[in-house]
Amino acid sequence: MAYDDYLKAQKLALKAYKSKTLQGSYPYLPVLDEILSHVHIEREENLGTINIPAKQVIGTSSAGRTQAFAYNFMPLLNYGSEFSVKWSLLYDAQIQEGIHTPIKVYEFLNKYYVIEGNKRTSVLKYVGSPTIPAEVIRKVPRLTEDKNIQIYYEFMDFYKNTKINYVVFSEKGSYQKLCQYVGKGADEQWTEDDRMNFSSFHVAFYGAYKDMGGNEIKGITDDDALLFYLSLYPYSESGDKLTSEIKKDLSKIWTEIKTLGEEEPVELLTVPNTETSMIKKMQSPKVHKVAFVYDVKPSESDWIYGQEMGRKHIIDAFHGDIDAKAFIATPYEDDEEILRKLCEEGYDIIFAIAPMFVRACIKVAPLYPNTKILNCSLNSPHASIRTYGIRIYEGKLLLGMLAASLSEKDDIGYLADYPIYGVIPGINAFALGARTINPRARVHLQWSTMENCRSDEYFLQHGISMISSQNMISPTKEDRALGLYHLSDKGTKNIATTVYQWGAFYEELINSIMRGSWKTDTTKEPKALNYWWGLSANVLDVILGSSVPDNTKRLINFLKGSIANGSFPVFSGILYDTEHNLRCGENETLAPEDVMMMDWLIEGIVGEIPTIDQLSDHAKDLVRLRGLKQTLSDQERSLV
């Protein structure tokens, strides 16, 4: 019996050895002494005798007989050697009564390296034991900027409260997020019942994940996938589910799970796909019913009001052939129910306007493949839905140029709203435009969403009269503080504004779907796609007031056309941030992905990006969901 099993184990070793060798990788066990040769160990901690996850025992403490094993801990030496005899005796002992003597290991970065008991480890891994009893000494490295070490420190805090050592994440903030999902505070101790319940759920999830082929997904850990699952299916509802039930859930969101492993999960489509063919057109379904789902009434939000104008445009543009209706849903409450109902009623397209709807969209979309669901947000890495937005920064560049040309002073104002992705490019483009006309221009940045914001008071105190503000037309406000305006003691005077052409955006998007481009827009599956259109798609415009001189109008209109045809890229050439770090080289142009993800301010801006604790309460929910990482606390950062 032991003879046959040793040969089977050796065969597994040779297969692993060959695989690593062909990849050009080290085929033997990793050696901790070699790994630590360039690591500063701050201290050691004795964790006592505990059960450790077998899959996390990956190497040996010192070189010794490391080459007796392949990297998967299976034996390489031929049968008949003293080594093989001892391995076989241990195997017999395991089959007859089990191996009970703990091995000795070092733990480093939540992985284990054997000091004593390599053959016991090999046998237990061969028979598929999920855990191994071990005396554990933890080696704690000095805290540095290294991402893996930072994650390890978060794990140690998690372990201190939970005594759970089998959860492994690849991203910072994940352990805190897991505690939130399970209903525990970051520093709250877990009871024995808490550990047993979570362990039962973890085993059920892993079984379902493995059955779905999760072990083949690269770039994520099993627990990264578990964390994403819990973001959609609350632990309070899923903790008692069987493996078969979890597998059904996973099958609905499997494209999303696979996308988690993508290095570049979001593909940007910066211009509409106008290509068509008779075959694609014949195969493409007609669009008859379109739903717009808002989080508040249009009368209560300038943003939603603009979207409502886009919905009405659709009705007119398609001469009533498309039924476009609006619905109100409350994020995290009835949004999933409403989306399901709309799919059941046969809506061809659903535009979910609020970024907070994204969770409901992801859960509903895989169940109704005939309904195309889009969420109005940027950089959402979800393959089962699509996201969209407008490149507002292109218009802001022109307003910055206009502001500097009309201002008698070097100081110009900018009133921003939310510190989220997509907003920063607008601020930077405005400052870049202003300094293109006046190299001495300083753009004073204020945030309307900050607690007790008094922007007008600030601008007047600093003698700033030319200011860029929101671009959205309001259904209720009558003031002229729109786009670029002039501020004085007598009030405000509108100069120019950028206009979101949401009607044109939705019309072109619907037309592209009917041309058959929905399936051809993506270049890779699974892939998250973000429509991010601008002047070139005629979904953005700059409206100049009567006070703008004719020559200046000609210049702005010329540059508007140049941006639209691609001959004048906005972010190109030498660009520095406010700390004089080089962000773009002399002959470089920032890629659209780099522009979208901007989290830095360009040189010439006076002000900074606020943190979440500086914002008003109504702004915090959106910022937690789509905010720049530096705006969030360590705990909240994990939610981005």
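Before any of the text, the structure's been laid out above.
Below or above, wherever it landed, is the structure these notes cover. (Residues numbered from 1 in each chain as written. Predicted model: local features only at pLDDT ≥ 70, side-chain atom pairs only at ≥ 80, totals over all residues. Heavy atoms only, no water.)

1. Overview of helix α7 (residues 192-211)
For an α-helix the count is 3.6 residues per turn, leaving residues at separations of three or four pointing the same way.
No. 1: With 20 residues, α7 extends 29 Å between its outermost C-alpha atoms, agreeing within 8% with the 28 Å of an ideal straight helix rising 1.5 Å per residue.
No. 2: Of the residues making up α7, those classed as buried are Asp194, Phe198, Phe201, His202, Ala204, Phe205, Ala208 and Tyr209.
No. 3: On its buried face, α7 sits against α6 (174-182), α8 (222-232), α9 (235-238), α10 (243-252) and α11 (254-260).
No. 4: The positive-phi residue at the C-terminal boundary of α7 is glycine 213, with phi of around 95 degrees. (Helix = DSSP H or I, 4+ residues; strand = E, 2+ residues; numbered from the N terminus. Expected span 1.5 Å × (residues − 1). Buried < 20%, exposed > 50% of the residue type's maximum accessible area, 1.4 Å probe, protein only. Contact = heavy atoms within 4.5 Å.)

2. Some points on the pattern of salt bridges
No. 1: Per the counting criterion, the structure on display carries 25 salt bridges.
No. 2: Among the salt bridges present, the one from lysine 139 reaches glutamate 44, with a minimum N-O distance of 2.5 Å. Taken together, the residues span a long stretch of sequence, with lysine 139 in strand β5 (residues 131-141) and glutamate 44 in strand β1 (residues 41-53) at a distance of 95 residues.
No. 3: Counted as one network, the salt bridges with shared partners bring together Glu42, Arg43, Glu45, Glu107 and Arg138. (Salt bridge = Lys/Arg side-chain N within 4 Å of Asp/Glu carboxyl O.)

3. Remarks on the sheet that holds strand β21 (residues 605-606)
No. 1: If you trace the seven strands from one edge of the open sheet to the other, you get β18-β16-β15-β14-β12-β13-β21, paired in mixed fashion. Where the open sheet ends on each side, the last strands, each with one partner, are β18 (540-544) and β21.
No. 2: Note: strand β12 (residues 411-416) against strand β13 (residues 442-447), six bridges, orientation parallel. If you follow tyrosine 414 over to β13, its bridge partner there is leucine 445. (Pairing = 2+ DSSP bridges.)

4. So, the pairing of strand β3 (residues 103-108)
No. 1: A large share of β3 lies buried, amounting to five of its six residues.
No. 2: Inspection of the sheet shows β3 paired to β5 by five bridges, in the parallel sense. Bridge pairing in β5 links lysine 104 to glutamate 135.
No. 3: Two elements, β3 and strand β4 (residues 111-116), share five bridges in a ladder whose sense is antiparallel. Within β4, the position partnered with phenylalanine 108 by the bridge is lysine 111.
No. 4: Hairpin connection of β3 to β4: two residues between the antiparallel strands, including leucine 109 at a positive phi of 55 degrees.

5. Some thoughts on the sheet that holds strand β2 (residues 57-60)
No. 1: Strand order across the open sheet formed by five strands is β1-β5-β3-β4-β2, with mixed pairing between neighbours. Among the strands making up the open sheet, the edge pair consists of β1 and β2. Each strand of the sheet is rotated relative to its neighbour by a mean of 35 degrees, with strand direction disregarded.
No. 2: Against the sheet, helix α4 (residues 118-126) makes contact with β2, β3, β4 and β5, and its axis sits at roughly 130 degrees relative to β4, the strand it touches most.
No. 3: Helix α5 (residues 147-162) rests against β1, β3 and β5 of the sheet, and its axis sits at about 125 degrees to β5. (Axes fitted to C-alpha atoms, helices over the stretch in contact; angles between N-to-C directions.)

6. Observations concerning the packing of aromatic side chains
No. 1: Taken as a whole and assessed by the stated rule, the structure comprises 47 aromatic pairs.
No. 2: Relative to tyrosine 175, the ring of phenylalanine 158 lies with its centre 5.1 Å away and its plane at 40 degrees, an arrangement referred to as tilted. Here phenylalanine 158, found in helix α5, pairs with tyrosine 175, found in helix α6; they are 17 residues apart in sequence, far enough to count as distant. Considered together, phenylalanine 158 and tyrosine 175 belong to a single accessibility category, that of buried residues.
No. 3: For the ring pair phenylalanine 351 and tyrosine 388, a centre distance of 5.8 Å and an interplane angle of 80 degrees mean the geometry is edge-to-face. Taken as a pair, phenylalanine 351 in strand β9 (residues 349-352) and tyrosine 388 in strand β11 (residues 386-390) lie far apart in primary sequence, 37 residues in all. (Phe/Tyr/Trp six-rings, centres within 6.5 Å; stacked < 30°, edge-to-face > 60°.)

7. Quick word on unusual backbone geometry
No. 1: One non-glycine residue, asparagine 110, lies in positive phi territory at about 65 degrees.
No. 2: Residue position: asparagine 110 is located in the loop between β3 and β4.
No. 3: For asparagine 110, a relative accessible area of 5% corresponds to the buried category.
No. 4: Despite not being glycine, lysine 163 shows a phi value in the positive range, around 60 degrees.
No. 5: Residue lysine 163 is classed as partly exposed on the basis of its relative accessible area, which comes to 49%.

8. Describing the side chain of lysine 139
No. 1: The buried category is assigned to lysine 139, whose relative accessible area is 11%.
No. 2: One polar contact links lysine 139 to glutamate 44, side chain to side chain, over a distance of 2.5 Å.
No. 3: Aside from chain neighbours lying at most four places away, what touches lysine 139 is Leu32, Leu36, Ile41, Arg43, Glu44, Tyr106, Glu107, Phe108 and Tyr152. (Polar contact = N/O pair within 3.5 Å; in protein donor to acceptor, adjacent residues only side chain to side chain.)

9. Here we look at the pairing of β11
No. 1: Most of β11 is tucked away: five of the five residues are buried.
No. 2: Alternating residues of β11 divide into Arg386, Tyr388 and Ile390 and Thr387 and Gly389, and every residue in both groups is buried.
No. 3: Sheet topology places strand β10 (residues 372-375) next to β11; two bridges connect them, and they run parallel. Bridge assignment links asparagine 375 to a residue of β11, and that residue is threonine 387.

10. Section: the packing of α7 against α10
No. 1: For the pair α7 and α10, interaxial distance at closest approach is 8 Å and the crossing angle is 55 degrees. If you check the angle between α7 and α10, you find them oblique. When you trace α7 past α10, the crossing you get is right-handed. Counting all contacts with α7, which are made through Phe201, Ala204, Phe205, Gly207, Ala208, Tyr209 and Asp211, the residues of α10 involved are Thr243, Ile246, Lys247 and Leu250.
No. 2: Tallied by class, residues from the contact of α7 with α10 come to seven nonpolar, two polar and two charged. (Parallel < 35°, antiparallel > 145°, perpendicular 65-115°, else oblique. Left-handed = near helix turned anticlockwise from the far one by under 90°. Nonpolar A, V, L, I, M, F, W, Y, C, P; charged D, E, K, R; others polar.)

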